[in-house]
Amino acid sequence: MVLFGPSGCGEEFVEEGHSGILEVPAWIKAKGLDAYEYSFGHGYQMSTEKAQLAGEEFKKHDIKLSLHAPFYINFANPDEEMYAKTQGYIYTGIKFLRAFGADRLIFHAASCGKLSRDEALALTKARFIDTFDKMEQEGLLDDLILCPETMGKTQQIGTYQEIVDLCTLNKHLLPTFDFGHINSLEGGSLKTKDDYKRILDYSIEKIGYEKTNNCHIHFSKIQYGAKGEIKHLNYDDLVYGPEFDGLAEILIEYNLSPRVICESMSTMPKDALIMKKIYHKMLDK
Ligand SMILES: [Zn+2]
């Protein structure tokens, strides 16, 4: 079964008089959703004690929780000190997964910077092997999943092929397919079921059905230009896409059970529910 939830609670949560992470799980449950993504995009600004308390609430309400690691992660920065920092962000992310009792860490792999794309990708691959092999040997990963994300800007490492290929490097690596990003990078390429099928077929061929089945998905409409992603929009946007219907169709046809997280600009819980309804309506047909 596909699970649906938002990244953050947006304006609705505040308008209904709520605040703080401890109130999130019951609220998400009451909205009819199954999952939630907490973003540490701007740094790990929370105590592990608080994460533990929040984790108990998520467990109590049976809401599956993923964490998004800081945006500063860059496995392709040639500077060794910066690489050590990138590793540190992953280590801290794992510490928070444990504190929350969450199962997956989402992160942006790398940016090209001054390197050519080939150089940046080669460096990212070598460091993925170095970092994740070591973490595995240290016994840190166990049942955890680490999910590098497909990115929306041309300068970032993160086409769907690059991300899937990176996920061959360690058994704990599973892709985050951000279809809004893919659509932005490819100039509005995602329209029909077959457009999504192309991506999932590539994934199944390279990393197998099991990993593809458990993959992570980000879905939102995103404004784009010549260099890709410009900004996240709400699902009621009619200009940029992508629409969720084609993805729902292929998820059902392939019997896949990913976790779908909605990253709309401000109405993410409402939009996650719209996607859940599209999926279940098709499923019931
Ligand atoms: Zn992201």
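Below: a short report on this structure. (Residues numbered from 1 in each chain as written. Predicted model: local features only at pLDDT ≥ 70, side-chain atom pairs only at ≥ 80, totals over all residues. Heavy atoms only, no water.)

### Things to note about the sheet that holds strand β12 (residues 259-262)
So, step 1. Strand order in the open sheet formed by four strands is β1-β12-β9-β8, with parallel pairing between adjacent strands. Looking at strand neighbours, the two that pair on one side only are β1 (3-6) and β8 (176-178), the edges of this open sheet. Sheet twist, expressed as the mean angle between neighbouring strand axes with direction ignored, is 20°.
So, step 2. The pairing of strand β9 (residues 216-219) with β12 spans four bridges and is classified as parallel. Directly across from His216, in β12, lies its bridge partner Arg259. (Pairing = 2+ DSSP bridges. Helix = DSSP H or I, 4+ residues; strand = E, 2+ residues; numbered from the N terminus. Axes fitted to C-alpha atoms, helices over the stretch in contact; angles between N-to-C directions.)

### With respect to the coordination of the zinc ion
So, step 1. Within the protein, the zinc ion binds to His68 (NE2), His108 (NE2), Glu149 (OE) and Glu149 (OE); these donor distances fall in the range 2.1 to 2.8 Å.
So, step 2. For the zinc ion, the four donor atoms in the first shell make angles of 50 to 144° at the metal, a pattern classed as irregular.
So, step 3. Sequence positions of the donors to the zinc ion reduce to the motif H-x39-H-x40-E. Highlighted residues: His68 in strand β3 (residues 64-68) and His108 in the loop between β4 (104-107) and β5 (110-111), separated in sequence by 40 residues.
So, step 4. Given a relative accessible area of 4%, His68 falls into the buried group. (Donors = N, O, S within 2.8 Å, 3.2 Å for Na, K, Ca; no water. Tetrahedral: all angles 85-135°; square planar, octahedral: opposite > 155°, others 65-115°. Buried < 20%, exposed > 50% of the residue type's maximum accessible area, 1.4 Å probe, protein only.)

### Looking at the sheet that holds strand β2 (residues 35-39)
So, step 1. The strand order across the open sheet formed by four strands is β2-β3-β4-β6, and the pairing between neighbours is parallel. Two strands close off the open sheet at either side, each with one partner strand: β2 and β6 (145-148). The sheet shows a mean angle of 25° between the axes of neighbouring strands, taken without regard to direction.
So, step 2. Inspection of the sheet shows β3 paired to β4 by three bridges, in the parallel sense. Paired with Leu67 across the two strands is Leu105, which belongs to β4.
So, step 3. Across the sheet, helix α4 (residues 80-100) lies against β3, β4 and β6, angled at about 145° from β4, the strand it touches most. (Contact = heavy atoms within 4.5 Å.)

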